[in-house]
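# Tertiary structure, described
The primary structure of each chain is shown beneath.
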Amino acid sequence: MHEASIAYELLNIAVKECSKNGYSKIKTIKVVIGRATGVVPEALLFAFNVLREDTIAKHANLIIEEAPVKGFCKDCKNEFESNENYILFECPNCGSFSINLISGKELNIKEMEVS
Amino acid sequence: MKVMLTTKILDANERIAEENKKMFKEAGVYVVNLMSSPGAGKTSLLEKTIEAIKDKVRVGVIEGDITGTNDAERIDRFGIPVVQINTEGACHLDANMIANAAKELPLKDLDLLFIENVGNLVCPAEFKVGEDVKVMILSLTEGDDKPLKYPLMFQESSVLIINKIDLKDYLDVSIDKIKKDAQFLNPKIKIFEVSCKTGQGIDEWTNWLLTSIS
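Here goes a summary of the coordinates provided. A quick note: this is a predicted structure, and the numbers were derived from the prediction, not measured.

Residue and element names in this part refer to chain B. Spanning 17 residues, helix H1 (residues 11-27) covers 24 Å between terminal C-alpha atoms, matching the ideal 24 Å at 1.5 Å per step. Within H1 the residues assigned to the buried category are Asn-13, Ala-17, Asn-20, Phe-24 and Ala-27. For H1, the angular spread of buried residues about the axis comes to 85°, placing them on one side. Of the exposed residues in H1, those oriented more than 90 degrees away from the buried face are Arg-15, Glu-18, Glu-19, Lys-22, Lys-25 and Glu-26. Where the residues of H1 are buried, they touch strand E2 (30-36), helix H4 (95-102) and strand E5 (112-116). One or two steps after H1, the chain reaches Gly-28, where phi turns positive at roughly 75°.

It is worth spelling out the nonpolar core at this point. One finds Leu-45, Phe-114, Ile-161 and Trp-205 of chain B to be the most contacted residues of the largest nonpolar core, which totals 28 residues. Of all the secondary-structure elements, those providing two or more residues to this core are E2, helix H2 (42-53), strand E3 (59-65), E5, strand E6 (133-139), strand E7 (159-163) and helix H8 (202-213) of chain B. For Trp-205 of chain B, the contacting residues outside a window of four places in its chain are Leu-45, Thr-49, Phe-114, Val-135, Val-159, Ile-161 and Phe-192 of chain B. Counting 27 residues, the second largest nonpolar core, distinct from the first, contains Leu-10, Leu-11, Leu-44 and Phe-48 of chain A.

Right, let's talk about the sheet that holds strand E5 (residues 99-103) of chain A for a bit. Residue and element names in this part refer to chain A. Pairing is antiparallel in the open sheet, where 3 strands are placed in the order E4-E3-E5. Since the sheet does not close on itself, it has two edges, and those belong to strand E4 (79-82) and E5, each with one partner. For this sheet, the mean inter-axis angle between neighbouring strands, taken without regard to orientation, is 30°.

Turning our eyes to something else, we now look at the interface of chain B and chain A. Bring the parts together and some accessible area is lost; that lost area is often taken as the interface size. Between chain B and chain A, the residue contacts involve 27 residues of the former and 28 residues of the latter. Both sides together, the interface formed by chain B and chain A hides about 2,500 Å², and carbon and sulfur atoms give 65% of it. Together, Met-1, Leu-5 and Ile-9 of chain B form the three largest contributors to the area buried by chain B at its contact with chain A, with a combined 29%. Counting across the chain B and chain A interface gives 2 salt bridges. Among the ionic pairs, Lys-2 of chain B bridges to Glu-111 of chain A, the shortest N-O distance being 3.7 Å. Joining chain B to chain A, the criterion identifies 8 residue pairs in polar contact (both at pLDDT 80 or more). For the side of chain B that touches chain A, the elements supplying multiple residues, two or more each, are strand E1 (2-8), helix H6 (151-156) and helix H7 (175-185) of chain B. Counting residues per element, the side of chain B that touches chain A draws most heavily on E1 of chain B, which supplies 7 residues. Relative to E1 of chain B, strand E6 (residues 107-114) of chain A runs antiparallel, the two sharing 5 bridges. Paired with Asn-108 of chain A across the bridge in E1 of chain B is Lys-8 of chain B.

Definitions and limits used
- Residues numbered from 1 in each chain as written.
- Chains lettered and ligands numbered in written order.
- Predicted model: local features only at pLDDT ≥ 70, side-chain atom pairs only at ≥ 80, totals over all residues.
- Heavy atoms only, no water.
- Helix = DSSP H or I, 4+ residues; strand = E, 2+ residues; numbered from the N terminus.
- Expected span 1.5 Å × (residues − 1).
- Buried < 20%, exposed > 50% of the residue type's maximum accessible area, 1.4 Å probe, protein only.
- Arc of directions from axis to C-beta.
- Contact = heavy atoms within 4.5 Å.
- Core = buried A, V, L, I, M, F, W, Y, C linked by side-chain atoms within 4.5 Å.
- Pairing = 2+ DSSP bridges.
- Axes fitted to C-alpha atoms, helices over the stretch in contact; angles between N-to-C directions.
- Buried area = accessible area lost by both parts, 1.4 Å probe.
- Salt bridge = Lys/Arg side-chain N within 4 Å of Asp/Glu carboxyl O.
- Polar contact = N/O pair within 3.5 Å; in protein donor to acceptor, adjacent residues only side chain to side chain.

As structure tokens, this is what we get:
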């Protein structure tokens, strides 16, 4: 249910950005949601569709781009991708724990189409 | 036309959380964000913990619930500062709620502040409130499949308290599996096994807590 808070915040950011730059209508908002954030895209979309009423995003489409969990192993120098919805701490190739997370925790607004 | 953005959606919450953290630090208060499912034993753990350490450190509590003052009344019996937040339906506490609740507390007269989050194993994990440490409770009755079903909470928490271990002989649940899966998700997680009913393991937890504060 915390998707409602996230939808509220993203609408807030989008509407503020528009009023700052003189746009009056939002057509689309594109967001990137990492798979390890625990955010359910369907729930986010549902909350967005309720909350967009009475805003300049009333007719806006929310496009959700899911980002997979990706890491880079500093030992075997391999990049890996996981289908799981949590962060990996162990390299699936060599078992090392020296890992840099590349993607999976995103919760960002990427772009909007406005007029 | 297209507008490119690179804004974090929870930026506003994170900014307020940082302000809270600064405010707590300046007041010299160590802040614990306590999270779990409903009924795992958050308030019971607080009662046991306060009982054990109240002569050593000055403790305050923020209680987060959807509605009601039951938990705040349980804490109030100890004669320590307590504030109840009613989220009126929201499934988690956010940084702004904590900023407002903190105004009601004598922060300068506290060493330790517990924030008891809304009972929920999902949403609270996503929202920083300005805490020093996130502590989660999993009770044995919830089952040993929970770490892999709710990975975010286990990955965000620094401490896992396994509660209700007095029931282990009555349940088909493996404490080893809980620990193994929690450590798989979060190799650095610190684990305590306790029973708030019998008091078993409370000392280890409170000793760790007192060391962290000092």
